[in-house]
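# Summary of the model geometry
If you want the building blocks of each chain, they are given just below.
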Amino acid sequence: MNFPPRLIDGYRAFLVSRLRHEQDRYRTLSESGQSPQVMVISCCDSRCSPEMIFDARPGELFVARNISGLVPPYTPDGAQRAVSASLEFAVQALKVKHIVVLGHAQCGGIRAYVEESEPLSPGDFIGHWMALIEPAAKAVGPRGSRPFGEYLTALEQAAIIQTLGNLMTFPCVRILAERGKLALHAAYFGVATGELSVWDKASGKFAPVAAEEHARLFASPRF
Ligand SMILES: [Zn+2]
């Protein structure tokens, strides 16, 4: 099979747009190395690219993506742990100042957990992975107590908050967070609307950001 033509076209567009404007930045970053201030942990979902949502420039975001954007609790067992390795590098080597856990609406991983989907392969990697959100599911309560869509949203958001808690089980994260040198944040992207909400610890809720701009630009049909 050939390399996807859509990607070649995309690269051509990158040459005349992003690369033309960012050429100096790329060159500088190649010499000085990267020093992003922000790590983003997010879902693999193709609709939720952190670089796109946050309009990031090269070198600005250190991104780790996996199914539903989860972080397993600290487990120094010598196993190959991709999230832990990414986190270790971001915190200890890059010394990022912020970690943003970005979840999203219509998350297939969360839905698979709720619907107890059949394994996609004998390894059932998704099933084992999504079992991580069991504490979040317990916190949300029984599924039948509210409309299904609302339940899914609640669980998607609870899983993000649980991930923040799991991050704090890593000594390097906890120590720096307690010293005020590292801040943990939670955010939620509404795929259908493009709305971004950020976790407000005081109220215990996700609150929309840039809501006025969003409403002004998208509240009414554009055509
Ligand atoms: Zn997802």
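In the block above lies the structure referred to throughout.
The notes below deal with the structure included here. (Residues numbered from 1 in each chain as written. Predicted model: local features only at pLDDT ≥ 70, side-chain atom pairs only at ≥ 80, totals over all residues. Heavy atoms only, no water.)

## Notes on the packing of aromatic side chains
- Tallied over the full model, the rule gives six aromatic pairs.
- Pairing phenylalanine 62 with phenylalanine 89 gives two aromatic rings, centres 5.8 Å apart and planes at 45 degrees, and the pair type is tilted. On the criterion of sequence distance, the pair formed by phenylalanine 62 in strand E2 (residues 61-66) and phenylalanine 89 in helix H4 (residues 82-93) is long-range, its members being 27 residues apart.
- Between tyrosine 74 and phenylalanine 170, the ring centres sit 5.4 Å apart and the planes meet at 70 degrees, which makes this aromatic pair edge-to-face. In this pair, tyrosine 74 sits in the loop between E2 and H4 while phenylalanine 170 sits in the loop between helix H8 (148-167) and helix H9 (171-178), placing the two residues 96 residues apart along the sequence.
- Looking at phenylalanine 170, the relative accessible area reads 5%, which means it is buried. (Phe/Tyr/Trp six-rings, centres within 6.5 Å; stacked < 30°, edge-to-face > 60°. Helix = DSSP H or I, 4+ residues; strand = E, 2+ residues; numbered from the N terminus. Buried < 20%, exposed > 50% of the residue type's maximum accessible area, 1.4 Å probe, protein only.)

## Remarks on the packing of helix H1 (residues 5-16) against helix H2 (residues 18-32)
- Packing of H1 against H2 leaves a shortest axis separation of 4 Å and a crossing angle of 65 degrees. Contact residues: H1 offers Ala13, Phe14, Leu15 and Val16, while H2 offers Arg18, Leu19, Arg20 and Tyr26.
- For the contact of H1 with H2, a count of residues per class yields six nonpolar, no polar and two charged. (Axes fitted to C-alpha atoms, helices over the stretch in contact; angles between N-to-C directions. Contact = heavy atoms within 4.5 Å. Nonpolar A, V, L, I, M, F, W, Y, C, P; charged D, E, K, R; others polar.)

## A word on the pattern of salt bridges
- This model, assessed by the stated rule, comprises nine salt bridges.
- In this structure, the salt-bridge partner of arginine 18 is glutamate 22, at a minimum N-O distance of 3.9 Å. With arginine 18 and glutamate 22 both in helix H2 and four residues apart, this pair spans about one turn of that helix.
- Given the relative accessible area of 5%, glutamate 22 is considered buried.
- The salt bridge partner of arginine 57 is glutamate 22, with a shortest N-O separation of 2.9 Å. Linking arginine 57 in the loop between helix H3 (50-53) and E2 with glutamate 22 in helix H2, this pair joins segments that are 35 residues apart in sequence. (Salt bridge = Lys/Arg side-chain N within 4 Å of Asp/Glu carboxyl O.)

## As for empty space enclosed by the protein
- Summed over all chains, the structure comprises one cavity of 30 Å³ or more.
- When its volume is computed, the largest cavity comes out at roughly 80 Å³.
- In terms of lining residues, the largest cavity is bounded by 13 residues, among which Ser68, Gly103, His104, Glu156 and Ile160 are the most central.
- Looking at the lining of the largest cavity, the elements with two or more residues in it are strand E3 (98-104) and H8. (1 Å grid on protein atoms, 1.4 Å probe; cavity = no way out; pocket = protein on both sides within 12 Å on 5 of 7 lines; lining within 4 Å. Points joined across faces, edges and corners; volume = space filled by probe spheres on them.)

## What about the environment of cysteine 48?
- Mapped onto the fold, cysteine 48 is located in the loop between strand E1 (38-43) and H3.
- For cysteine 48, a relative accessible area of 2% translates into the label buried.
- Residues cysteine 48 and glutamine 23, spaced 25 residues apart in sequence, show a C-alpha to C-alpha distance of 26 Å.
- Here cysteine 48 is in contact with Ser42, Cys43, Ile53, Arg65, Leu102, His104, Phe189 and Val191, once residues within four sequence places are set aside.

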